[in-house]
Amino acid sequence: MTYPRLIAALAMTLAAAAGQAYDFKTVGAAPAVLYDAPSTKGGKLFVVPRGAPLEVVLTYGEWIKVRDINGDMAWTEARSLTGKRNVIVRAANLKVRSTPDDAATAAFIADKGVLLEVLDTAAGGWLKVRHKDGVTGYVKNADIWGV
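Residues numbered from 1 in each chain as written. Predicted model: local features only at pLDDT ≥ 70, side-chain atom pairs only at ≥ 80, totals over all residues. Heavy atoms only, no water.

Student: Please provide a residue-by-residue account of the side chain of Asn86, values included.
Tutor: Summarising the element assignment, Asn86 is placed in strand S8 (residues 86-89). You can call Asn86 buried: its relative accessible area is 8%. Polar side-chain contacts of Asn86 include one of 2.8 Å to the backbone oxygen of Gly51. Once you skip the residues sitting within four places of it in the chain, Asn86 turns out to touch Thr26, Gly51, Pro53, Leu115, Leu116, Glu117, Val118 and Gly146. (Helix = DSSP H or I, 4+ residues; strand = E, 2+ residues; numbered from the N terminus. Buried < 20%, exposed > 50% of the residue type's maximum accessible area, 1.4 Å probe, protein only. Polar contact = N/O pair within 3.5 Å; in protein donor to acceptor, adjacent residues only side chain to side chain. Contact = heavy atoms within 4.5 Å.)

Student: Kindly report on the nonpolar core, identifying the contributing residues and their values.
Tutor: Residues Val87, Val89, Leu94, Val96, Phe108, Ala110, Leu116, Val118, Leu127, Val129, Val139 and Ile144 constitute the largest nonpolar core, which totals 12 residues. When contributions to this core are tallied by element, the ones reaching two or more residues are S8, strand S9 (94-97), strand S10 (106-110), strand S11 (115-122) and strand S12 (126-130). Beyond its immediate sequence surroundings of up to four residues, Leu127 is in contact with Val87, Val118, Asp120, Thr121, Gly137, Tyr138, Val139, Asn141, Ile144 and Val147. The next biggest cluster of nonpolar side chains, apart from the first, holds 11 residues, and it includes Leu54, Val56, Val66 and Leu81. (Core = buried A, V, L, I, M, F, W, Y, C linked by side-chain atoms within 4.5 Å.)

Student: Can you lay out the environment of Gly51 for me, pointing to particular residues and giving the numbers?
Tutor: Counting through the fold element by element, Gly51 comes out in the loop between strand S3 (44-48) and strand S4 (53-60). For Gly51, a relative accessible area of 11% translates into the label buried. Taking C-alpha positions, Gly51 is 6.7 Å from Asn86, a pair spaced 35 residues apart along the chain. What Gly51 contacts, discounting residues up to four positions off in sequence, is Thr26, Val27, Gly28, Asn86 and Leu115.

Right, dumping it as structure tokens:
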């Protein structure tokens, strides 16, 4: 391969990687154990509660390397995760809006660390979410983690 073709191929690879969407999964019905290696013989690092979103970094057979909200990476069994989408509120006293608009009234207030179920996406970087109490509303992607 010539040098210009190598540069072009590298540029296309980097552009594709930059445009790649993040893949998130949610911990299933039981808490997930996170390990330092893709094996139950690896060291147990910590336990993630059910419903928590985790970013998928790498899949290796029946194991998935994940990143949590703090940026920590570890391995968990693929069967511990589901495709259901949840997000975590990043800031205290987040106003979850009644419509996808900064000027809309607050449907409810969510505190930092609260889990919200993703119901749908909306235009302009908004998500429709539901609190465990059943109340729904809209949040901006920048105000939550898990998308």
